[in-house]
Amino acid sequence: MIINFRKTNFWGVAAELTSCPESDRPEVVLSGKSNVGKSSLMNALADNRKLARVSQTPGKTRLVVYFDVDSLIYIADLPGYGYAKAPKDIKDKFAKLADQYFTSGRKIALTLHLIDIRHEPSKEDQHMLAYMNEQQIPYFIVFVKCDKFSTAQLNKRLSEQMDYFDIQDKAHCFAVSSERKMGLDDLRDAISAFIFPEPSTAN
Ligand code: GTP
Ligand code: MG
């Protein structure tokens, strides 16, 4: 089944795990550091700049924001982690919400873990990937902000990052730019195929 990402609507917000929607549909979670571009990716996938709030200031998303995509799946835009400048109580609150999200037993069909291609690989990302491997949470790695590099630089950078994170499964890695709309079709197709696999036609 093909998900039509252009049919995305704001669904609601949750400040606590108890107000999150029932797991009545597959849920895709956007995770990654604050300011990495999670909300921008949501908008780019849906081709609608007005959907999720994007900001120059890290820490814009402080709640879990749910989007209904084509009445088939939810996408949850999580608060980013590692936002150093927030007051400690707020920081603790949204770090807790993001943590709980993964540890509460909520059924997550797929996590899109975003990594900024321009930055040095971080321990936080490494921990997150190790955690998802351990917990068997299915994930794609989405390298974002790829518009900042030439093709040659981008390929070099991608292979360095793959080595650092010891990524074996290259089929589940994507290079995108929300700003320039690069790599989005591949990512949309891969999400659809992962969540709603076509029955095998081999006989
Ligand atoms: P939090 O809500 O704080 O966790 O941030 P976020 O991960 O949702 O990031 P957001 O989408 O708000 O984007 C943060 C900044 O990155 C904004 O200034 C965006 O314009 C910029 N940005 C996002 N995607 C891209 C991209 O593909 N290319 C470039 N060059 N900038 C981008
Ligand atoms: Mg955000």
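Below or above, wherever it landed, is the structure these notes cover. Fair warning: this is a prediction, and the values are worked out from it, not measured in the lab. (Residues numbered from 1 in each chain as written. Chains lettered and ligands numbered in written order. Predicted model: local features only at pLDDT ≥ 70, side-chain atom pairs only at ≥ 80, totals over all residues. Heavy atoms only, no water.)

**A closer look at the packing of aromatic side chains**
Under the convention used in this document: Only Phe, Tyr and Trp rings are paired, with Trp represented by its six-membered ring, and only when their centres lie within 6.5 Å; those with planes under 30 degrees apart are stacked, over 60 edge-to-face, the remainder tilted. Accessibility here uses a 1.4 Å probe with only protein chains present; expressed as a share of the type maximum, an area under 20% marks a residue as buried, one over 50% as exposed, and anything in between as partly exposed. Numbering of helices and strands starts at the N terminus; helices are DSSP runs of H or I of at least 4 residues and strands are runs of E of at least 2.
One pass over the full model with this rule turns up 7 aromatic pairs. Look at Y66 and Y74: their rings are 6.2 Å apart centre to centre, the planes differ by 75°, and that puts the pair in the edge-to-face class. Note on Y66: relative accessible area 0%, which makes it buried. The buried category is assigned to Y74, whose relative accessible area is 3%. For the pair F140 and F194, a centre-to-centre distance of 5.4 Å together with 80° between the ring planes defines the contact as edge-to-face. Taken together, the residues F140 in strand β6 (residues 139–144) and F194 in helix α5 (residues 184–195) connect sequence positions 54 residues apart. Taken together, the ring pairs in this structure connect W11, Y66 and Y74 into an aromatic cluster.

**Remarks on the pairing of strand β2 (residues 27–31)**
The following threshold applies: DSSP bridges decide pairing: two strands pair if at least two such bridges lie between them.
For β2, the buried fraction is high: 5 of the 5 residues fall into the buried class. With burial as the criterion, each face of β2 is covered, one bearing E27, V29 and S31 and the other bearing V28 and L30. By the bridge criterion, 4 bridges tie β2 to strand β4 (residues 73–77) in an arrangement that is parallel. Each bridged residue has a counterpart across the sheet, and for V29 the counterpart in β4 is A76.

**Here we look at the sheet that holds strand β7 (residues 173–175)**
The cut-off we apply is this: Between the N-to-C directions of two axes lies an angle of 0 to 180 degrees, each axis being a line fitted to C-alpha atoms and, for a helix, fitted only over the stretch in contact. What makes two residues a contact is simply this: any of their non-hydrogen atoms within 4.5 Å.
Ordered by their spatial adjacency, 7 strands build an open sheet running β1-β3-β4-β2-β5-β6-β7, and the pairing between neighbours is mixed. Pairing within the sheet leaves two strands with one partner each, and these edge strands are β1 (8–14) and β7. Across the sheet, the axes of successive neighbouring strands diverge by a mean angle of 25°, strand direction being ignored. Here 6 bridges tie β1 to strand β3 (residues 64–69), and the two strands are oriented antiparallel to one another. By the bridge assignment, G12 is partnered in β3 with Y66. In the packing of helix α1 (residues 38–46) onto the sheet, the strands contacted are β1, β2, β3, β4, β5 (110–116) and β6, and the crossing angle to β2 comes to about 135°. Where helix α4 (residues 151–165) meets the sheet, it contacts β5, β6 and β7, and its direction lies at approximately 120° from that of β5.

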